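# Structural overview for review
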Amino acid sequence: MKVMAQMSMVMNLDKCIGCHTCSVTCKQAWTNRTGVEYVWFNNVETRPGVGYPRGYENQEKWGGGWVRNKRGRLQLRSGGRLAKLARIFSNPKLPEIDDYYEPWTYDYDMLVNAPSGDHTPVARPKSLITGKDMKVSWSANWDDDLGGSIETMHEDPILQKMSEEVKAEFEQAFMFYLPRICEHCLNPSCVASCPSGAMYKRAEDGIVLVDQDACRGWRMCVSGCPYKKVYFNHKTGKAEKCTMCYPRIEVGLPTVCSETCVGRLRYLGLVLYDADRVAEAAAVEDEHELLDAQRSVLLDPHDPAVIEAAREGGIPEDWIEAAQRSPVWRLIHDYKVALPLHPEYRTMPMVWYIPPLSPVVDVVSGSGNDGEDARTLFAAIDKLRIPIGYLAELFTAGDVAPVDESLRKLAAMRSYMRGISIDDERDERIAQAVGMTGREIEEMYRLLAIAKYEERY
Amino acid sequence: MTPGIRTDGAPATDGPLADALLNMGRFVRPGETSEDLRSVFLQGGRSGDAFYRDRWSHDKVVRSTHGVNCTGSCSWKVYVKDGIITWEAQQTDYPSVGPDSPEYEPRGCPRGAAFSWYTYSPTRVRYPYIRDTLAQLYRAAKAQHPDPVDAWASIVEDPEKAASYKRVRGKGGLVRTTWDEVMEVAAAAHVHTVKTYGPDRVAGFSPIPAMSMVSHGAGSRFMNLLGGTMLSFYDWYADLPVASPQVFGDQTDVPESADWWNAGYLIMWGSNVPVTRTPDAHFMAEARYRGQKVITVSPDYTDNTKFADEWVAPHPGTDAALAFAMGHVILREHFVQRRTTRFQDYMRRYTDAPFLVELEQRGEGFVPGKFVTASDLDGAAAEQARADFKPVLMDAAGAPVVPNGSLGHRFSPEDEGRWNLDLGGVVPPLSVADLPQWTGEAAELRLPRFDLDPEPGQEHAGGSGVVVRGVPVRTIAGKTVTTVFDLMLAQYGVSRPGLPGQWPADYEDASTPGTPAWQQEHTSVPAEQAIRIAREFADNADRSGGRSMILMGAGTNHWFHSDTIYRTFLALTTMTGCQGVNGGGWAHYVGQEKVRPITGYQQYASAADWGRPPRHTIGTAFFYLATDQWRYDGLPADQLSSPLGTGRFAGRTTADCLVESVQRGWMPSYPTFDRNPLDLVDEADAVGKEPAAHVVDSLNEGTLRFAVEDPDDPANFPRVMNIWRANVLGSSGKGNEYFLKHLLGTDAAVRASEAAPDARPASMTWREKAPEGKLDLLMTADFRMTSTTLFSDIVLPAATWYEKHDLSSTDMHPFIHAFNPAIAPPWQTKTDFETFRILAEKFSEMARTHLGVRRDLVAAPLQHDTPDAMATPHGRVEDLPRVPGVTMPKLIVVERDYPNLAERWKALGPLTEKLGLTTKGITYHAEPEIERLGRVNGTVTSGPYAGSVRLDSDKRACELILAMSGTSNGRLAVQGFKALEKHTGQEMAFLADEHEGTHLSFTDVSVQPRSVITSPEWSGSEHGGRRYTAFAINVEHLKPWHTLTGRQHFYLDHDWMDELGETLPIYRPPLDMHRLFGDEIPGTSTATEVAVRYLTPHSKWSIHSEYQDNLFMLSLSRGGPTIWMSPQDAAKIGVRDNDWIESYNRNGVVVARANVSHRMPEGTVYMYHAKDRTVDVPLSETSGLRGGIHNSLTRILLKPSHLIGGYAQLAWAFNYLGPTGNQRDEVTTIRRRSQEVQYR
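Residues numbered from 1 in each chain as written. Chains lettered and ligands numbered in written order. Predicted model: local features only at pLDDT ≥ 70, side-chain atom pairs only at ≥ 80, totals over all residues. Heavy atoms only, no water.

### Focus on the sheet that holds strand β33 (residues 1010–1011) of chain B
All names here are of chain B. Pairing is antiparallel in the open sheet, where 3 strands are placed in the order β27-β28-β33. Each end of this open sheet is capped by a strand with a single partner; those strands are β27 (806–808) and β33. Summarising the sheet, strand β28 (residues 815–819) and β33 pair through 2 bridges and their orientation is antiparallel. In the sheet register, Ile816 faces β33, and the bridge partner there is Arg1010. (Pairing = 2+ DSSP bridges. Helix = DSSP H or I, 4+ residues; strand = E, 2+ residues; numbered from the N terminus.)

The following block contains the structure:
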């Protein structure tokens, strides 16, 4: 056992309001400068939708992440390092600016300095790449709130994968938001893709970084990352990416995106894992087993053997304590409501998500007694507007069972807590139905609903 | 150092060759490589990381906030490095909500997070500007007339010169000038206008004081010392829910957002919480985990639908039908089929339901008439003071009882201690049918309905009809009476055995108004869904003790008939006993920003320390007249009338209703008379009369007229307008193109023709040629370029919110907190406070020669929360002789010491001590505070006001506000409650006792947001750390509402309400613009054009027009104005996503790009609110001009019910009551345009 510490995050998508405050505060702090105008270390995408960069989840096209080869070994999807070296000067799998968006500004100056003329002054868009006039036709968040869905929704790689047909129709409309940062994977394909050895995973906390001195700008990391969370600074010629705000983390502050998250849906915490078992777990054959495999790599920080091994590995005492009170660990391990994003990429991502509940599709009036007991509505998971298959393609390589379990726990929490809130009764049967005790539900409720600052980070 | 990593599984990377290669690499570069060669591990803290570490460093962090009208009032950390603001992040140090609730941290949104972009943006106004044409004129005039006032006069009084600078407004050509010159021009314009036309020809517009009280107050104080007119904004924005004064007698009072957490059932109705209440949306998301059920009512699949357990999608504007049917279900199931004790008890104590109403014979039958009052009874009851304002209910035996707590008790000294809701031993029956002696006597009532399609050939008359329904009656004092509750059951179509009339057979019966099936025909919402939600809402309210909440917003409040929509909502929260309960009741959040320290703010901003009353007026009517929209309106008032009306509005337009309202003193209007109000006093002196008598006589003789009768008389133009903290021309200006044409005199895309001669207002003078360019000077202070600055004659560079001291508060949270400068105002920018200080000084200087000390006649309307509210007994509107303060405005002379205006502006005047500070009928006496403030702020050392408290800095003004308000000064809170205790005979002072010694200072609120103190200035309680909910004090301590009965009103018995058919909650469909104004019928289309409903909901990427020009917000959206439309509508006209389209109607033209999404319902488009024309707006094919703003397609329409005054809760107060600038009923035609767009 090789115990290592990983700074990790859980985002509760059920609480995400899609406001993009995280994106803006992150951008203001980190990428508000030339060369990275188009770069959003943190972005939020409306799903269904194509994401940013456009269609990044289509690994057939971009070749990010790992695949398991015939020998049962992991191999970069876009080819091994030799293959990469061979085409180091022309990388066909690199997203172009239009796949992100052509950043622009406006000739705002006209608003202040327009000479006398015939019309009201206006600031028209100008490309930040060419400086020329342009028509804005794509942005960092073009399909926000299902915008332009008729033109773009069919390009959503998830919808393309799903067997169930999802139509862009008013009556069937659904949407939710997916905030994304770098996954700071346990098995990062970007690091493995770097020909210069400039990308590395910090030994102490697992944060994946680009050494700005060592980066040679080959951009293999951009292709190699299946989440497209490594970006190229076209001014410095170096790769840049989400740093998990390490200058803040190091002094005990949460990341900017976490602390400024108005939905209060982000949890930060240290997780211990067994570095020896990462490769094996990432290489399990059945994609549906990747979730459990990754869970099994994570180590129980309360286990004396783990604590012992951690000490041996040089992990400081206060880090072990931090792992023990980590909300991330509780959400992943104790409650099992958090799930990784695209485990099938086999990078062992460490930003996990609680899937969103959503309005029920139809009027659930068939049973006739819903009006008497609002609690029965909360359990109608199979009638949710968001097809569970869609969530499964995001979080469990298509396996609906873990998503269903997570959603049922959220629904059970609502039912159980309604009993306390309205009728002053604790109905243990509800808790038992999802394999929990009432007390556990109340603890989970405190973490998810009351969610005090000190408990989120 | 990390030990070597061993793998015990199979090697996991590519293959042997790659491994070999990588193995070599391990030795030539530093760091630890995993043995399987997958990963490189390095220790942190390397030099390659230094870049990000440097980037994170900063010199200081300053607490401030954003003075933007979003109700956010979020506290922010502003980071500064090397004297430059770098970015901002939310503060997380709000006082705790308690251990069992989520906290307020972090509050903020992406708009706020992007604010610092403005500090250094290329659209920052860095210097003062003046339009070149005006600059040349002024400089030339100055050469001839050394006196600036004379110079200004020589320009504006020369029609050719005046037109020459007015017609180039908005067409570029702003040039840099100096502060000296720009202030000279501004002051000269003010002096000339005051002298020549009158101070009420100077108007000021700056909205939402809570978002930065001193920045607002500094300008408002200047305006009020001058005698200028401050325009209201809450009603103008259509954010004022007129139903609130109608039902509660209160402007708006709502729960803080943390109280959503306490709701067991939450309906978000026309309020897109994640977008418009971003900082607080989490309480809603989290409350679901506590078991709250959430319903979203919205015509589109809107952001908050994501959180809903059920989505209800009615046709736009039909919400009242749904609420009405829900009311039908609740009344039937909780008041008739069975009687829910809690609801019944609540209705008896806290509503007008048990009060008696006389039935009036009208035509073929009865209609509901007036409340029975003590004056209608025999003997002693009628002898009481103000018996005509003491409504009557019955005891269980049926005897009439005059209960405590009505308006008649409020201002009568002999009723001291009886203004309360204590019913004693009386248990009033809700229905006459509940009386033991009732023998089945009933009357057939005739009730209006407006949900019918007009008969063919009768389109002009509208679709209205009559339903006949019986109520149980009895005779009291010779009158046939019933109760309000009985009227409600009749109105809602809830049958009871034995009563005559047309009643629905069951819920599925759509033949008559009220049922779930009936609403389905109007809303498309399935009847079963309406029934279920109604049942759940009521059931939850019953089981939880009132914790059912409706969170409502602009989606339901911006309609012409929003007062009726809201009354159907409020009926639901009231009949289920949810008002005044934590977690229950209405939660209205549109433009509602509570100035928590209201008393101190009002004193400062209205300059009440120097003179009273201020000239405050109703913004909508002001702009309606000033922009000549009245000339295009011609909306016949009787088209809105009930078929059962008396013909009161026959032959009159809604503009005539405004004229009557002003003449009667119901609503204010400035300019008031067709003469300078300074000269009126001099005239009175000359003829040896009291000024008021002189005015009455002159009006009677016809030698003086109200300006409202002739707004196009040059004597009645508003001449100078000051705008700060606002963007009227790019945001709130309904009928934007009319503003440009008539107020400003420049190019405009107005497409409508003026009203035909037979449709013109009868009581107004029609001048053949409509004036263009009424305004001589438009002056705007801002930190960014907007339509308003672009069209202004002079533009003043304002400091941003990170560059000044100020105070912020909101209704969303219970804290007061501070603005602080992160940097000094850069370039030549100045704070609003400094700007108005300089203007006041310049003005005073010029006033010495031109104005001197004058006396000003202020015509003040009949005021809410004063005995004025008893000017119209029984709401009977009669022709009576002119009596100021009764049948016409009060006429009050105020001294204007113009040469000392600036000195007054900078010092606390004597009236604060002499007259006290009055808020909502309670007068506070603040001698100790004044004395203390003198030591905190210092006193004026010399001059006429030596010894007065200094108010010559923004911080000192903040201290005044905090010292003079109960919410921030516990001594005043306790004092106010003690006064209220005497008045009501109920104990209340204990609510504030715990904080009697607390006195928040500016330093306190800079250190951390501070919780306010429970104060009689508001109706809720924070006592013991409780969450604020409106009307908790009324419910728990029996303090009356400020209404006629002292209770919440279902019934409004004013003559005009009767004429409109709106005495009771009712469904009125959206205006039929086709019928009224000849617009296209929504849904019609040709191959190239489609007519659709045009809605302007609040935007995700801006707060009004603020942030819509911000590069971050533009990059995260579509980079300019768009119109969201359904795939079906887009297909009809061959439009694809992101195509350029033009949208037009009689009011103007918009050019935008289409956003085609299945989120939108067919037949309705959204252009999100306040898309200013400044960013990416090409020229229009239709008009040849720059495409317009979202309000280029709207126009002001006045609803007469908003104009009622002088009667109980229907009495005016500033931003409390007034016509709304509603804009949701519009229809537009859309077509695809040439995709080759031109910008100039």
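Now that the structure has been shown, we can carry on.
### Re the interface of chain A and chain B
Residue-level contacts link 148 residues of chain A with 152 residues of chain B. For the pair chain A and chain B, the number of links is 15 salt bridges. Here Lys1100(B) ties to Asp144(A) by a salt bridge, and the two come within 3.1 Å at their closest N and O atoms. Counting across the chain A and chain B interface gives 58 residue pairs in polar contact (both at pLDDT 80 or more). Of the residues assigned to the side of chain A that touches chain B, the class counts are 76 nonpolar, 34 polar and 38 charged. (Contact = heavy atoms within 4.5 Å. Salt bridge = Lys/Arg side-chain N within 4 Å of Asp/Glu carboxyl O. Polar contact = N/O pair within 3.5 Å; in protein donor to acceptor, adjacent residues only side chain to side chain. Nonpolar A, V, L, I, M, F, W, Y, C, P; charged D, E, K, R; others polar.)

### Notes on the sheet that holds strand β22 (residues 585–588) of chain B
All names here are of chain B. Spatially, β12-β11-β10-β21-β22 is the arrangement adopted by the 5 strands of the open sheet, whose pairing is parallel. One side of each edge strand has no neighbouring strand; the edge strands of this open sheet are β12 (310–312) and β22. Mean inter-strand twist for the sheet, computed between neighbouring axes without regard to direction, equals 20 degrees. Pairing between strand β11 (residues 293–297) and β12: 3 bridges, direction parallel. By the bridge assignment, Ile295 is partnered in β12 with Glu310. Sitting on the sheet, helix α12 (residues 319–336) is in contact with β10 (265–269), β11 and β12, with an inclination near 155 degrees to β10. (Axes fitted to C-alpha atoms, helices over the stretch in contact; angles between N-to-C directions.)

### Let's talk about the pairing of strand β39 (residues 1227–1232) of chain B
Residues and elements named next belong to chain B. Of all the 6 residues making up β39, 5 are buried; the element is thus mostly covered by neighbouring parts of the structure. Pairing of strand β34 (residues 1089–1095) with β39, which is carried by 5 bridges, proceeds in the antiparallel orientation. Bridging from a neighbouring strand, Val1090 pairs with Ile1230 of β39. Summarising the sheet, strand β36 (residues 1140–1145) and β39 pair through 4 bridges and their orientation is antiparallel. By the bridge assignment for β39, Ile1141 is matched with Arg1232. (Buried < 20%, exposed > 50% of the residue type's maximum accessible area, 1.4 Å probe, protein only.)

### Side note on the packing of helix α5 (residues 148–156) of chain B against helix α6 (residues 159–166) of chain B
Residue and element names in this part refer to chain B. Orientation of α5 relative to α6, taken along the N-to-C sense of each, is 85 degrees, at an axis distance of 5 Å. In terms of axis orientation, α5 runs roughly perpendicular to α6. Residues Trp152, Ser154, Ile155 and Val156 of α5 form the contact with α6, whose own contacting residues are Lys161, Ala162 and Tyr165. Per-class residue counts for the contact of α5 with α6 are 5 nonpolar, 1 polar and 1 charged. (Parallel < 35°, antiparallel > 145°, perpendicular 65-115°, else oblique.)

### Some remarks on the domain arrangement of chain B
Residues and elements named next belong to chain B. Here chain B is described as being made up of domain 1 (129–239 + 599–875), domain 2 (255–313 + 525–588), domain 3 (327–519) and domain 4 (1073–1232). Across the contact, 10 residues belong to domain 1 and 11 residues belong to domain 2. Between domain 1 and domain 2, roughly 750 Å² of surface is buried when both sides are summed, and carbon and sulfur atoms account for 50% of that area. It is Ala238, Asp239 and Met812 in domain 1 that bury the most area against domain 2; as a group they hold 57% of the surface buried on that side. Our count for the domain 1 to domain 2 interface comes out at 0 salt bridges. At the boundary of domain 1 with domain 2, the tally comes to 7 residue pairs in polar contact (both at pLDDT 80 or more). (Domains from an automatic or database assignment. Buried area = accessible area lost by both parts, 1.4 Å probe.)

### Topic: the UniProt feature "domain: 4Fe-4S Mo/W bis-MGD-type" (unreviewed entry) in chain B
UniProt annotation of "domain: 4Fe-4S Mo/W bis-MGD-type" (unreviewed entry) refers to residues 59–123 of chain B when read in the numbering used here. End C-alpha to end C-alpha, residues 59–123 of chain B measures 27 Å, and it is 6% helix and 28% strand. (UniProt positions renumbered as here; feature names shortened; annotations may be inferred.)

### Quick look at the pattern of salt bridges
Residues and elements named next belong to chain B. Per the stated rule, a full pass over the model turns up 120 salt bridges over all chains. Here Arg1233 makes a salt bridge to Glu1181, at a shortest N to O gap of 3.9 Å. One end of the pair, Arg1233, is in the segment after β39; the other, Glu1181, is in the loop between β38 (1164–1166) and β39, with 52 residues separating them in the sequence. Note on Arg1233: relative accessible area 5%, which makes it buried. On the basis of relative accessible area, Glu1181 is assigned to the partly exposed category, the value being 38%.

### As for the packing of aromatic side chains
Residues and elements named next belong to chain B. Using the criterion set out here, one finds 78 aromatic pairs over all chains in the structure. Taking the centre distance of 5.9 Å and the plane angle of 40 degrees together, the rings of Tyr79 and Trp87 count as tilted. With relative accessibility at 4%, the residue Tyr79 sits in the buried group. Measuring from centroid to centroid gives 6.1 Å for Phe205 and Phe623, while their planes differ by 70 degrees, and the two rings are edge-to-face. Remark: Phe623 occurs in helix α22 (residues 619–626) and Phe205 occurs in strand β8 (residues 202–205); sequence separation between them is 418 residues. Residue class for Phe623 comes out buried when judged on its relative accessible area of 0%. The residue whose ring lies beneath Arg1195 is Phe1077, and the NZ or CZ to ring-centre distance is 4.6 Å. (Phe/Tyr/Trp six-rings, centres within 6.5 Å; stacked < 30°, edge-to-face > 60°. Lys NZ or Arg CZ within 6 Å of the ring centre and 35° of its normal.)

### As for the layout of surface pockets
Residues and elements named next belong to chain B. Volume-wise, the second largest pocket comes out at about 1,200 Å³. Every element with two or more residues in the lining of the second largest pocket is listed here: α8 (213–226), α21 (598–605), β30 (890–897) and β31 (917–919). Each residue belonging to the lining of the second largest pocket can be placed in one class, and the counts come to 21 nonpolar, 19 polar and 8 charged. Per-domain counts for the lining of the second largest pocket show at least three residues from each of domain 1 (129–239 + 599–875) and domain 4 (1073–1232). (1 Å grid on protein atoms, 1.4 Å probe; cavity = no way out; pocket = protein on both sides within 12 Å on 5 of 7 lines; lining within 4 Å. Points joined across faces, edges and corners; volume = space filled by probe spheres on them.)

### Re a nonpolar patch on the surface
Residues Ile84(B), Tyr120(B) and Trp827(B) make up a contiguous nonpolar surface patch of roughly 270 Å² in combined accessible area. With respect to the helices and strands, the residue Trp827(B) is situated in the loop between β28 and α30 (832–850). (Patch = residues over 30% accessible without salt bridge, like charges linked within 9 Å, V, L, I, M, F, W, Y side chains within 5 Å. Areas by Shrake-Rupley, 256 points an atom, 1.4 Å probe, with all protein chains shown as cover.)

### Quick notes on helix α28 (residues 736–744) of chain B
Residue and element names in this part refer to chain B. Most of α28 sits out of view: 8 of its 9 residues are buried. Every buried residue of α28 is listed here: Asn736, Glu737, Tyr738, Phe739, Leu740, His742, Leu743 and Leu744. A positive backbone phi angle near 80 degrees is found at Gly745, which sits one or two residues after α28.

### Some details on the confidence of the model for chain B
Residues and elements named next belong to chain B. Confidence in the prediction for chain B averages 95 pLDDT; 96% of positions are at 70 or higher. Segment residues 1–12 is flagged for pLDDT under 50; beyond a separation of four residues in sequence, or across chains, it makes 23 contacts in the model. Across residues 24–29, confidence stays below pLDDT 50; counting only partners more than four residues off in sequence or on other chains, it has 6 contacts. (pLDDT = per-residue confidence, 0-100.)

### Focus on empty space enclosed by the protein
Over the atoms rolls a probe the size of a water molecule, and its path tells where empty space is left. Residue and element names in this part refer to chain B. By volume, the largest cavity is sized at about 520 Å³. Lining the largest cavity are 40 residues, and of these Gly270, Asn272, Thr276, Ala554 and His1098 sit closest to its centre. Elements with a contribution of two residues or more to the lining of the largest cavity: α10 (273–276), β11 and α19 (554–557). The biggest single contributor to the lining of the largest cavity is α19, with 3 residues. Roughly 370 Å³ of volume is contained in the second largest cavity. Taken together, 31 residues make up the lining of the second largest cavity; nearest its centre are Asn69, Arg725, Ala726, Asn727 and Glu1106. The set of elements that each furnish at least two residues to the lining of the second largest cavity consists of α27 (728–732) and β25 (777–782). Shared between two domains, the lining of the second largest cavity takes at least three residues from each, and those domains are domain 1 (129–239 + 599–875) and domain 4 (1073–1232).

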